[in-house]
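So the chains spell out like this:
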Amino acid sequence: MAAAGTKLQKARGIDDSPQIHYDDVMRISKGSADPVVLRLAVDNAAAVFDWLTDHGLKVRPEHPVTGTTHEPYSRPRYAWGAGDTMGGLQILEVLTREMQPEIDAGRITILTDTEVTGLVQAKDGTVRGVRTRDARGRSAQQLARHTVLTAGGYTADPAMYAKYEGAQDYSRATYPFSRGASIKLGEAAGGYARGGEKHTPLFGAVLASADYPAPIRVLARHFPGDRPPWEIFVNVAGRRFIQEDVLSHDVYEHGLAQQPGERCWAVFDDAIFRAAPPLARGGFGSVWTPADTEQAFRDNDVPMFYSADSIGALARRAGVDVAGLEASVADYNRGQASRSDAFGRQHMPLPIVKPPFYAVQLQSWNLTSYAGLAVDGQLRVVRRDGTPIPGLYAAGEALGVGTTMGKAVCGGMSVTPSLALGRLLGHEILQFGA
């Protein structure tokens with residue numbers, strides 16, 4: 001999460017404000033976040049963060065921080081929940097515990113195993129509720145003055161991903177029911193989706209197969225602040241495309257986005273393999289040891305791991321241009337010897353000269369959807385002419401993370417806006433709908 005002006009910050013003497021938060025996101029996104037929705041998000045972030053911590057959310061003892069690996073904030077405002085890998089379950093536990101008395105008292109009704117099949121719309125376009133179908137096939141209408149779409153994004157729907165972001169969905173790493181329900185419902189009611197052009201891929205996935213979207217087998221430890229690079233990264237033409245030791249995930253991600261197929265290869269030799277800290281690390285609950293990496297290179301039937309006794313043979317085996325890779329390795333070795341790299345790289349411990357030579361294919365991956373329903377400053381779903389659809393609102397990833405992060409990855413600016421804007425609607429929807 002990311003929130004400015006919180007009780008936690010004040011207790012630790014951190015001077016921060018929603019305006020500084022807003023300015024940071026605009027700096028990191030190079031001005032590409034939506035100014036209206038971002039303003040709502042940062043102005044309401046501290047209230048929801050404080051509510052969560054007041055009701056039992058525990059954050060990691062060293063947090064808040066300016067960031068972890070993505071572009072840092074100017075103030076420590078980024079915090080993870082304690083107790084599990086990413087901390088999100090801590091938020092869910094608070095919400096579940098606080099909501100249960102409302103359910104028990106009959107003030108909230110939750111329908112599980114129930115699909116929304118469409119919106120109930122009057123002739124003038126006003127949304128009056130939703131049509132549903134349960135697991136037994138029974139259809140019904142749930143009528144209401146206000147309907148809020150918060151069914152998440154579309155990262156589990158490869159066709160929608162390609163349609164809205166113009167890129168292939170390579171990985172299968174997100175919630176399997178993120179299938180774009182909110183966007184489909186909103187578009188059917190007259191709304192439209194925006195923001196796909198802000199697509200920003202994540203870097204460093206080693207996939208289990210080329211049958212995309214595929215599970216992530218392992219992640220590469222590519223952030224120089226965590227592990228300075230020993231390898232070089234090349235594209236399918238065999239050419240380097242970034243300064244590998246640059247302290248910026250943003251440079252890595254936007255560099256990868258410009259490569260054919262959002263794909264690259266980490267290339268190194270046996271001396272680097274033996275001397276460097278492990279490149280591969282487990283992800284999403286998996287554990288990956290150096291012995292696992294050695295086994296992957298020994299098993300010729302294992303996709304994404306390649307080895308050969310010459311650079312040319314390695315290129316052919318990995319599907320990379322032979323002349324390009326040979327030239328790139330030679331250029332890198334000259335730069336390493338003279339301490340003058342063409343890309344400005346400083347960390348070059350060893351040349352790439354000792355066979356066998358290795359390549360690991362790295363692929364873009366995703367956790368979030370950048371496109372989402374267009375809304376106005378009251379979070380009303382709008383038509384292309386800017387007019388709102390009466391009775392219909394949206395929040396969360398249904399808005400697309402490009403709205404609150406722009407063409408970048410800004411720490412905490414997916415989860416926190418989802419909670420903050422949902423809470424805002426819960427408090428203000430009667431006023432908005434007046």
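Please refer to the structure higher up on the page.
Read on for a plain summary of the structure. Because the structure is a prediction, the values reported are computed rather than measured.

Conventions adopted
- Residues numbered from 1 in each chain as written.
- Predicted model: local features only at pLDDT ≥ 70, side-chain atom pairs only at ≥ 80, totals over all residues.
- Heavy atoms only, no water.
- Helix = DSSP H or I, 4+ residues; strand = E, 2+ residues; numbered from the N terminus.
- Rg over C-alpha atoms; globule rule 2.2 N^0.38 Å.
- Contact = heavy atoms within 4.5 Å.
- Areas by Shrake-Rupley, 256 points an atom, 1.4 Å probe, with all protein chains shown as cover.
- Lys, Arg positive; Asp, Glu negative; His and termini not counted.
- Charge placed at Lys NZ, Arg CZ, Asp CG, Glu CD.
- Pairing = 2+ DSSP bridges.
- Axes fitted to C-alpha atoms, helices over the stretch in contact; angles between N-to-C directions.
- Salt bridge = Lys/Arg side-chain N within 4 Å of Asp/Glu carboxyl O.
- Core = buried A, V, L, I, M, F, W, Y, C linked by side-chain atoms within 4.5 Å.
- Buried < 20%, exposed > 50% of the residue type's maximum accessible area, 1.4 Å probe, protein only.

**Side note on the overall build of the protein**
When its secondary structure is counted, the protein shows 13 helices and 15 strands. A globule of 434 residues ought to have a C-alpha radius of gyration of about 22 Å, and the protein, at 24 Å, matches this closely. Expressed along its principal axes, the backbone C-alpha trace of the protein runs to roughly 70 × 50 × 40 Å. Residue pairs at least 24 apart in sequence account for 68% of intrachain contacts in the protein once pairs closer than 6 positions are excluded. Working note: accessible area of the protein is about 19,400 Å², and carbon and sulfur atoms make up 53% of it. Measuring between centres, the 45 positive side-chain charges of the protein sit 3 Å from its 47 negative side-chain charges.

**Re the sheet that holds strand E3 (residues 139–143)**
As summarised here, the arrangement of the three strands in space is E1-E2-E3, forming an open sheet in which the pairing is antiparallel. Where the open sheet ends on each side, the last strands, each with one partner, are strand E1 (114–121) and E3. Strand after strand, the sheet turns through a mean of 30° between neighbouring axes, direction not considered. Taken together, the five bridges between strand E2 (residues 127–134) and E3 define a ladder with antiparallel strand orientation. What sits directly across from Val-130, in E3, is Gln-142.

**Points about the pattern of salt bridges**
Within this structure, the stated rule accounts for 20 salt bridges. Linking Glu-102 and Arg-107 is a salt bridge whose minimum nitrogen-to-oxygen distance equals 2.6 Å. For Asp-331, the salt bridge goes to Arg-334, with nearest N and O atoms at 2.2 Å. Of the two residues, Asp-331 and Arg-334 both sit in helix H11 (residues 322–338), three residues apart, roughly one turn of that helix. What emerges from the salt-bridge pattern is a single network uniting Asp-16, Asp-24, Arg-27 and Arg-77.

**Considering the pairing of E1**
The pairing of E1 with E2 spans seven bridges and is antiparallel. By the bridge assignment for E2, Gln-121 is matched with Val-127. The hairpin formed by E1 and E2 contains five residues between the paired strands, and Gly-125 there has a positive phi angle of roughly 95°.

**Regarding the sheet that holds strand E14 (residues 380–382)**
The three strands lie next to each other as E4-E15-E14, forming an open sheet whose pairing is mixed. Each edge of the open sheet is held by one strand with a lone partner, namely strand E4 (147–149) and E14. When strand polarity is set aside, the average angle formed by the axes of neighbouring strands in this sheet is 55°. In terms of strand pairing, E14 meets strand E15 (residues 388–394) through two bridges, oriented antiparallel.

**Observations concerning the nonpolar core**
Grouped burial of nonpolar side chains is what soluble globular proteins tend to show. One finds Phe-233, Phe-305, Leu-325, Leu-362 and Met-413 to be the most contacted residues of the largest nonpolar core, which totals 74 residues. For this core, the element with the most residues is strand E12 (residues 357–365), which contributes six residues. Tyr-154, Ala-395, Leu-421 and Leu-425 belong to the second largest nonpolar core, which has 30 residues in total.

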